[in-house]
Amino acid sequence: MDEMVKRNKIIIRTSIDGVLANVLLGVFKIIFGLMASSPAVVSSAVGNFTDALASVVVLVGAFFSFKRPNKRHPFGYGRVEYLVILIIAIVVLDAGIGELSETYEIFKHGHETHYTVITLVVVIVSIIVKLAHGIHMRRRAHTVESTALHAVGSEAVHHGLLSIFTAAAVAVRMYTGYSLEAYATGIIGIVITAEGVKLLFEAIAKILGHSVPTGLRQEVRQTILHNFDQVQGVYDLTLHDYGPDRYMGSVHITVPEDMTAGELDWLERQIQKKVLIDQKVFLAGISIYSVNSHDPDIIRMRDDISSLVTSYSNMAGIHGFYVNKELRYASLDIVMSFNEKDVRGKYKEIRSAIQQRYPEYEFHVHLDMFID
């Protein structure tokens, strides 16, 4: 909890810095842009106010993250950060479309501009400040692993780089008389709009839910396997993302068939505690696969069925294999790739092949999917 509080405080401080820096830069640009009657300089100022608004949104999201879980939201408010990214994407899209609209008006009606050396200096200074601040925000975002803060910092860096086009247009107009304002504003509009679309898709992906980083999944598996000798396999790890560094999930573990209920209870509690400490993942449920460890006939049967399953394309193997000779009952999970097009057909075919090879047993075959 202390780490989350520290993280949110860094995000809040960085966001406040972003609001102040962008508002001051925006006012600065508008004053000199109007004095020079320069739409490119004024449109660049609009970008500063867009960044300021984005920082405000991140700030509000960080304050929400401080709220404790409650009856209505028992898993906390961590996913607010993903809504923040969505709002930022909409703000950026609106700014980009506005820039494109301004470009159209310039091409259609033209616009007379009057530049001075002071105008050029103002634009150059704003570029330096914007780039420095954007890089600072991205570094902070990397430190606290904040996607929202990184999005705002990247937007600031992009605006700083795009302002170079504004400076070039000003310099060309001053020293050659050619007007490139419409082109500079158009480039700014296109890039900002593309940036907004990218953020929008990223936000939607996070809200819909996406696969948990492979590294974290591997860490959880290795923690369980390497610290508990009774565990012979870890499968079906499912993790749900409730915000940055807030994961809850479940897992199946394979253990010897002769473990008692008391031993299993102790084992599950120790696994939950270890994974929570090491990976900050709360395993809400740990299911048990019992494995036949002593009967050589069943072990040969398991190896034979494993070879049969993996002989099919897009099949990774089996797990959770257990046989009860007295009840003539067997169960297992087959693991199929998401690349398989005919999931239902392939499952039925494999299940039938297993049953035909060992007709004396009643097989319960379950299907698991894995991501390549």
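Source: prediction; values computed, not measured.

Cut-offs used in this document
Residues numbered from 1 in each chain as written. Predicted model: local features only at pLDDT ≥ 70, side-chain atom pairs only at ≥ 80, totals over all residues. Heavy atoms only, no water. Helix = DSSP H or I, 4+ residues; strand = E, 2+ residues; numbered from the N terminus. Expected span 1.5 Å × (residues − 1). Buried < 20%, exposed > 50% of the residue type's maximum accessible area, 1.4 Å probe, protein only. Arc of directions from axis to C-beta. Polar contact = N/O pair within 3.5 Å; in protein donor to acceptor, adjacent residues only side chain to side chain. Axes fitted to C-alpha atoms, helices over the stretch in contact; angles between N-to-C directions. Parallel < 35°, antiparallel > 145°, perpendicular 65-115°, else oblique. Left-handed = near helix turned anticlockwise from the far one by under 90°. Contact = heavy atoms within 4.5 Å. Nonpolar A, V, L, I, M, F, W, Y, C, P; charged D, E, K, R; others polar. Pairing = 2+ DSSP bridges. Core = buried A, V, L, I, M, F, W, Y, C linked by side-chain atoms within 4.5 Å. Phe/Tyr/Trp six-rings, centres within 6.5 Å; stacked < 30°, edge-to-face > 60°. Lys NZ or Arg CZ within 6 Å of the ring centre and 35° of its normal.

Student: I would appreciate a short explanation of helix α9 (residues 296-310) in the present structure.
Tutor: Note: α-helices contain 3.6 residues per turn, so residues at a spacing of three or four share the same orientation. In this model α9 runs 21 Å from its N-terminal to its C-terminal C-alpha over 15 residues, within 8% of the 21 Å that 1.5 Å per residue would give. Within α9, burial applies to Ile298, Met301, Ile305, Leu308 and Val309. All buried residues of α9 lie within an arc of 95° about the axis, which places them on one face of the element. The distance from a side-chain oxygen at the start of α9 to the backbone nitrogen of aspartate 297 is 2.9 Å, and the residue carrying that oxygen is aspartate 295.

Student: Sorry, what's going on with the packing of helix α7 (residues 214-227) against helix α8 (residues 261-279) here?
Tutor: Any two packed helices are characterised by how steeply their axes cross, that is the angle between the axes, and by the distance between the axes. Interaxial distance between α7 and α8 falls to 10 Å at its minimum, and their mutual angle equals 135°. Of the possible angle classes, the one that applies to α7 and α8 is oblique. You can see that α7 and α8 cross each other, and the crossing is right-handed. In this structure, α7 contributes Leu216, Glu219, Val220, Thr223, Ile224 and Asn227 to the contact, and α8 contributes Ile271, Lys274, Val275, Asp278 and Gln279. Taken together, the residues of the contact of α7 with α8 sort by class into five nonpolar, three polar and three charged.

Student: Whenever I open this one, the sheet that holds strand β1 (residues 233-241) confuses me. Can you help?
Tutor: Note: strands within a sheet are paired through backbone hydrogen bonds, in either parallel or antiparallel orientation. Read across the sheet, three strands follow the order β1-β2-β3 without closing on themselves; strand pairing throughout is mixed. This sheet does not close on itself; its edge strands, each paired only once, are β1 and β3 (281-291). Adjacent strand axes in the sheet meet at a mean angle of 15°, parallel and antiparallel pairs treated alike. Together, β1, β2 (247-256) and β3 form the strand contacts of α7, whose direction differs from that of β1 by roughly 135°. The strands that α8 touches are β2 and β3; relative to β3, the one it contacts most, it runs at about 140°.

Student: Would you mind showing me how to read the nonpolar core here?
Tutor: Ranked by size, the top nonpolar core spans 28 residues in total, and within it Val58, Val84, Ile88, Leu149 and Leu199 carry the most contacts. Looking at this core, the elements with two or more residues in it are α1 (2-36), α2 (39-65), α3 (80-109), α4 (117-144), α5 (147-176) and α6 (181-208). In terms of residue count, α3 provides more of this core than any other element does, eight residues in total. Ignoring any residue separated from it by four or fewer positions in sequence, one finds leucine 149 in contact with Ile11, Thr14, Ser15, Val58, Met137, Arg140, Ala141 and Val144. Counting 22 residues, the second-largest nonpolar core is a separate cluster that includes Ile298, Leu308, Ile318 and Tyr347.

Student: Where do I start with the pairing of strand β4 (residues 315-324) in this structure?
Tutor: Remember that side chains alternate between the two faces of the sheet whenever the strand is regular. Of all 10 residues making up β4, eight are buried, and the element is well covered by its neighbours. Bridge count for β4 against strand β5 (residues 329-337) is seven bridges, and the pairing is antiparallel. Bridged to valine 323 within β5 is alanine 330. Here β4 folds back onto β5 in antiparallel fashion, the turn holding four residues, of which arginine 328 has a positive phi close to 55°.

Student: Explanation requested: the packing of aromatic side chains in the structure shown.
Tutor: The geometry of an aromatic ring pair is captured by two quantities: the separation of the ring centres and the angle between the planes. For the structure on display, the rule yields three aromatic pairs. Ring geometry for tyrosine 235 against tyrosine 289: centres 6.4 Å apart, planes inclined by 55°, an arrangement best described as tilted. Taken as a pair, tyrosine 235 in strand β1 and tyrosine 289 in strand β3 lie far apart in primary sequence, 54 residues in all. Look at tyrosine 235 and you get partly exposed, because its relative accessible area is 26%. Look at tyrosine 361 and phenylalanine 363: their rings are 6.5 Å apart centre to centre, the planes differ by 70°, and that puts the pair in the edge-to-face class. In this pair, the class of tyrosine 361 matches that of phenylalanine 363, namely buried. Clustering of aromatic rings is evident, with ring pairs tying together Tyr358, Tyr361 and Phe363. For the cation-ring pair, arginine 328 lies above tyrosine 361, with the distance from its terminal atom to the ring centre recorded as 4.5 Å.

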